[in-house]
Amino acid sequence: MNTYFQKTHQRAFGTFPLAGDVARDAILAAAEAGYRAFDTAQMYGNEAETGEALAATGLKRDEMCITTKVHPDNFSEDAFMASVERSLKDLKLDFVDVLLLHWPPVDGEVGPSLELLQKAKDQGLTQNIGVSNYTIAMMKKAVTVVDAPIVTNQVEFHPLLNQDTLLAGANDVGIPLSSYSSVARGEVFKHPEFAEIGAGYGKSAAQVVLRWIIQKGVSINTMSTKPENIRANFDIMDFTLSHVDMARIEKLTQTGYRIVGSDLVPWAPEWD
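The rules behind the values
- Within any chain, residue numbers begin from 1 and follow the written order of that chain's sequence.
- Side-chain atom pairs in this predicted model are given and counted only at pLDDT of 80 or more, local residue features only at pLDDT of at least 70, and totals for whole chains, interfaces and linings cover all residues.
- Each side-chain value is derived from all of the structure's non-hydrogen atoms; neither hydrogens nor water enter the calculation.
- Numbering goes from the N terminus for both helices and strands, where a helix is a DSSP run of H or I of at least four residues and a strand is a run of E of at least two.
- We take the radius of gyration over the C-alpha atoms and set the globule estimate at 2.2 Å times the residue count to the 0.38 power.
- Contact between two residues is taken to exist if any of their heavy atoms lie within 4.5 Å; hydrogens are not considered.
- The Shrake-Rupley method, run with a 1.4 Å probe sphere, supplies the accessible areas, and residue values consider only the shown protein chains as cover.
- Exposure is judged per residue with a 1.4 Å probe applied to protein chains only, and the accessible area is read against the type maximum: over 50% gives exposed, under 20% gives buried, and values in between give partly exposed.
- Under this definition, polar contacts are N or O atom pairs within 3.5 Å; protein pairs additionally need one hydrogen-donor-capable and one acceptor-capable atom, and for neighbouring residues in sequence, both atoms have to be side-chain atoms.
- Strand pairing is defined by DSSP finding a minimum of two bridges between the two strands.
- Here, axes are lines fitted to C-alpha atoms. For helices the fit covers the stretch in contact, and angles between N-to-C directions go from 0 to 180 degrees.
- Grid points spaced at 1 Å and placed over the protein atoms alone form the basis of the search, with a cavity being a set where a 1.4 Å probe fits but cannot get out and a pocket an open set showing protein on both sides within 12 Å along at least five of seven lines. Lining residues have an atom within 4 Å of a point.
- Grid points are joined across faces, edges and corners, and a volume is the space filled by probe spheres set on the points.
- For this scheme, ten residues count as nonpolar: Ala, Val, Leu, Ile, Met, Phe, Trp, Tyr, Cys and Pro. Four count as charged, namely Asp, Glu, Lys and Arg, and the remainder, Gly too, count as polar.
- The crossover handedness rule: strands pointing away from the viewer, path from first strand over the helix to second strand clockwise, crossover right-handed.

Novice: Would you take a moment to explain the overall build of the protein chain for this structure?
Specialist: Per the secondary structure count, the protein chain includes 10 helices and 8 strands. Here the protein chain has a C-alpha radius of gyration of 18 Å; the compact-globule value for 272 residues is 19 Å, and the two agree. Expressed as lengths along the three principal axes of its C-alpha atoms, the size of the protein chain is roughly 55 × 40 × 35 Å. A fraction of 76% describes how many contacts in the protein chain between residues 6 or more apart in sequence connect residues 24 or more apart. Carbon and sulfur atoms provide 50% of the accessible area of the protein chain, an area that totals close to 11,800 Å².

Novice: Can you help me understand the environment of Arg61 in this one?
Specialist: Along the chain, Arg61 turns up in the loop between helix H2 (47–56) and strand S3 (65–70). On the accessibility criterion, Arg61 (23% relative accessible area) is partly exposed. In this structure, the C-alpha to C-alpha distance between Arg61 and Leu93, residues 32 residues apart in sequence, is 9.0 Å. Filtering out sequence-adjacent residues up to four positions away, Arg61 remains in contact with Ile66, Leu93, Phe95, Val96 and Asp97. At 3.0 Å, the side chain of Arg61 and the backbone oxygen of Phe95 are in polar contact. A polar atom in the side chain of Arg61 sits 2.9 Å from the side chain of Asp97.

Novice: What should I look at first to understand the sheet that holds strand S1 (residues 11–14) in this one?
Specialist: Adjacent strands of a sheet form backbone hydrogen bonds with each other and so pair up, either parallel or antiparallel. Read once around its circumference, the closed barrel built from 8 strands follows the order S1-S2-S3-S4-S5-S6-S7-S8, with strand pairing classed as parallel. Taken pair by pair, the neighbouring strands of this sheet meet at an average axis angle of 30°, ignoring direction. Here 3 bridges tie S1 to strand S8 (residues 219–222), and the two strands are oriented parallel to one another. Paired with Arg11 across the two strands is Ile220, which belongs to S8.

Novice: What is the right way to look at the pairing of S8 in this model?
Specialist: Within a regular strand, the side chains alternate between the two sheet faces. By the alternation rule, side chains of S8 split into Ser219 and Asn221 and Ile220 and Thr222, which are all buried. Sheet topology places strand S7 (residues 177–180) next to S8; 2 bridges connect them, and they run parallel. Looking at the pairing, Ser179 lines up with Ile220 of S8.

Novice: I'm lost on helix H8 (residues 205–215) in this one. Help?
Specialist: Because an α-helix completes one turn every 3.6 residues, residues spaced three or four positions apart along the sequence face the same direction. Counted residue by residue, H8 has 10 buried out of 11 residues, so it is predominantly covered. All of the buried residues along H8 are Ala205, Ala206, Gln207, Val208, Val209, Leu210, Arg211, Trp212, Ile213 and Ile214. Buried residues belonging to H8 abut S7, helix H7 (193–199), S8, helix H9 (227–234) and helix H10 (243–250). Taken from the residues just after H8, Gly217 is the one with a positive phi, measuring 90°.

Novice: Just to check I follow, could you spell out the layout of surface pockets for this structure?
Specialist: By rolling a water-sized probe across the atoms, one finds the places where empty space is left. Size it by volume and the largest pocket reaches roughly 820 Å³. Lining the largest pocket are 33 residues, and of these Phe16, Tyr180, Ser181, Arg185 and Met223 sit closest to its centre. Per-element accounting of the lining of the largest pocket gives the leading share, 3 residues, to H9. For the lining of the largest pocket, the per-class residue count stands at 15 nonpolar, 15 polar and 3 charged.

Novice: Explain the side chain of Asn74 to me, please; I cannot follow it from the model alone.
Specialist: With respect to the helices and strands, the residue Asn74 is situated in the loop between S3 and helix H3 (80–91). Assessed through its relative accessible area of 14%, Asn74 is described here as buried. The contacts of Asn74, once residues within four sequence positions are left out, are Gln42, Ala79, Phe80, Ser83 and Arg86.

Novice: I would appreciate a short explanation of the pairing of strand S6 (residues 150–156) in the present structure.
Specialist: Burial analysis of S6 places 7 of its 7 residues in the buried class, the great majority of the element. Pairing analysis gives 3 bridges linking strand S5 (residues 126–132) to S6, with the strands arranged parallel. The residue bridging Val131 from the neighbouring strand is Asn153, located in S6. Relative to S7, S6 is paired through 4 bridges, and the arrangement is parallel. Bridged to Asn153 within S7 is Leu177. In terms of handedness, the path from S6 via helix H6 (residues 164–173) over to S7 forms a crossover that is right-handed.

Fair warning: the whole summary comes from geometry, so function is off the table for now.
Next up, the structure:
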């Protein structure tokens, strides 16, 4: 079974942009709420705080699914493994459950960094490997480069952006998607449809959004610093959106609201 589709792992607690005591308190609240999957990255600059918080949860190592991501600046032979070893030291771990490439490389040539990712798995630094922000063409290339299954392509995915083409391409190549910016950094709350739909299920607008993503077959990453919101974001498995409500939400994907583009990340690929 894909690690992100185990009982609790399909709902991961994301740590961007948390730092310091705020990060520690939020992660502890997430663990108390039931989260067992936690997502960080070299780029976030909070792996040390994440490691301290996870150690303080008292959870057993085999209860948790811990993901981190390699910064594109470390996609070279002399930097890659050293950067992963630093991440493990900061996280207080012998290995991570999932190691992702955070972005495609600046030059767009994905092969060399994928080979280094496979090497990290071969050396026991991670149990699973994956990618982030890959296009369909990049995913097709990836499965020809590495031997290990690619457990996810983590991408921007929410109901205000039509990612059906990317999702279909991912399904065709056998790489599940996982979402970041799952509530479009709050933009979804400007649309009354989510709260209206939620009222029929006794759920909030945010819970409707997250449930929609899950029902699309995409695992989720969510972040909050408020314990009540952390709990609510996790509490989305006790209802199912109807086909009518799914279709109503689907119409909103035509909004075309994309957060992460070349204006924010200059080397972002041309999206599908």
